[in-house]
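Structural overview for review
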Amino acid sequence: MSWKPLRVLTPRSILPASAVVLVLAAGAAAHANKPVPFGDRVAGPGDAGATPVNSESLGSADLDLRVGPGLEAFHKQTGEQAWSYRREGAEALHLAMAGDNAIVVWDDGMVTSVRPGDHEVRWHRAVPGLADWLRGDGEPGADKRTDAQRKQLAKQRAAAALHTVQRDGSPWLALVTPNLTMGLRDADGDLRYNDKPSNGCVYDPLRAVHTDYAVLIPRTCSNSGGQAVSGGITGYRLDSNGWAMSTGPAATVKVLDRTRVEITDGPIVPPRVFDTKAAAPETACGSVVAPFAAVRPQGGCAADPAAGEPAAAGTDPGAGAAPDAGAPAGEQPAAQPR
């Protein structure tokens, strides 16, 4: 160990120390004036600071929530504004509820969750590629759109991009763009899965639908000349594996109830019903596998001893059902991307 004697600080040696003090002071001032993360601004009527709200006496059922330019809350009984939530430099486009929480899609590709009862912004999530798709820049005819048409397009796409699933009191949400889908847990905004379409394919958010158990996203695949040659539908769930099925490029999905959807795939193939809770197709009456099917037609089959049982008789795959029972080729469950 070497020892060095103490030395007297000269003006020349004091300069660096002074510079450090100035830098620290400037950093403290900058921190004091640091903008609110993500540009969040929550205010009461007249742009005054929002006053605390008793969450036990005021909740989403007591408020009328609207979007534009931010998230605006009004008392249902009086019509007076309760509070507003805005983000600097961004505009709210679409609102959907996940349980008692409000999910908002913004034009800069950000998605936020707000608890209406105490107007707390719970979490933020940026979705890659969402802002570009909302704007539609570079698409054929984009340069001819008016400002009103651009705004309407952005709102339409924002509504198609957000799907909320009310799964047994534990809501989650899916965010869909042509090149990416993401699944988030509403409780904390945690990313639970993300998935990209295979090469040569894109998702079609405008055809996507959701039930209380899953989000179903059609996709289209094109050849080297850009012509659509095939398609498919991918089902995503947060608590268990999803599935995938092959279809034509223009298959449509219609929600029938909380669990079932009807898939129409052109004039030749008859429509088929799929149960998103059992993750299995509804087996037609008269089929040789009908007695062993995971999902029977709603109301049962006349010649079936189980006739009259509701569609919910299908076993929940979480309880050990075999979701691929009776599934035709191309409809076998696929592992959920994580």
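Conventions we followed
- Residues numbered from 1 in each chain as written.
- Predicted model: local features only at pLDDT ≥ 70, side-chain atom pairs only at ≥ 80, totals over all residues.
- Heavy atoms only, no water.
- Pairing = 2+ DSSP bridges.
- Helix = DSSP H or I, 4+ residues; strand = E, 2+ residues; numbered from the N terminus.
- Buried < 20%, exposed > 50% of the residue type's maximum accessible area, 1.4 Å probe, protein only.
- Polar contact = N/O pair within 3.5 Å; in protein donor to acceptor, adjacent residues only side chain to side chain.
- Contact = heavy atoms within 4.5 Å.
- Axes fitted to C-alpha atoms, helices over the stretch in contact; angles between N-to-C directions.
- Disulfide = S-S within 2.5 Å.

Here we come to the sheet that holds strand 20 (residues 269-275). Pairing is antiparallel in the open sheet, where 4 strands are placed in the order 18-19-20-21. Strands at the two margins of the open sheet, each flanked by one partner only, are strand 18 (252-255) and strand 21 (280-281). Both strand 18 and strand 19 (residues 260-265) contribute to a ladder of 4 bridges, which runs antiparallel. Note on strand 19: the bridge partner recorded for lysine 254 is glutamate 262.

Pairing of strand 11 (residues 180-185) with strand 12 (residues 191-195) involves 4 bridges; the strand directions are antiparallel. Following the sheet pairing, glycine 183 is matched in strand 12 by tyrosine 193. Hairpin connection, strand 11 to strand 12: the antiparallel pair is bridged by 5 residues, and glycine 189 has positive phi, about 75 degrees.

What follows deals with the pairing of strand 19. Hairpin connection from strand 18 to strand 19: 4 residues lie between these consecutive antiparallel strands. Relative to strand 20, strand 19 is paired through 5 bridges, and the arrangement is antiparallel. For valine 261, the partnering residue across the bridge sits in strand 20 and is phenylalanine 274. The turn joining strand 19 and strand 20, which pair antiparallel and follow one another in sequence, is formed by 3 residues; a positive phi near 95 degrees is taken by glycine 266.

Before going further, it helps to spend a moment on the side chain of threonine 211. Relative to the assigned elements, threonine 211 resides in the loop between strand 14 (209-210) and strand 15 (215-222). With relative accessibility at 2%, the residue threonine 211 sits in the buried group. Of the polar contacts made by the side chain of threonine 211, one reaches the backbone nitrogen of tyrosine 213; its length is 3.1 Å. The residues touching threonine 211, leaving out its near neighbours within four places in the chain, are Val165, Asp257, Arg258, Thr259, Val261 and Thr276.

In a beta sheet, neighbouring strands pair by backbone hydrogen bonds and run either parallel or antiparallel. If you trace the 4 strands from one edge of the open sheet to the other, you get 9-10-11-12, paired in antiparallel fashion. Every other strand in the sheet has two partners, leaving strand 9 (162-165) and strand 12 as the edge strands with one partner each. Pairwise comparison of adjacent strand axes, ignoring direction, gives a mean angle of 15 degrees for this sheet. On top of the sheet, helix 3 (residues 147-161) reaches strand 9 and strand 10 (172-177); it is set at about 30 degrees to strand 9, its chief contact.

With that settled, consider the state of the cysteines. A complete count under the given rule lists 1 disulfide for this structure. For cysteine 201, the disulfide goes to cysteine 221, at an S-S distance of 1.9 Å. What sets the handedness of the cysteine 201 and cysteine 221 disulfide is the S-S torsion sign, and at about 100 degrees it is right-handed. Of this pair, cysteine 201 sits in strand 13 (residues 201-203) while cysteine 221 sits in strand 15, placing them 20 residues apart in sequence.

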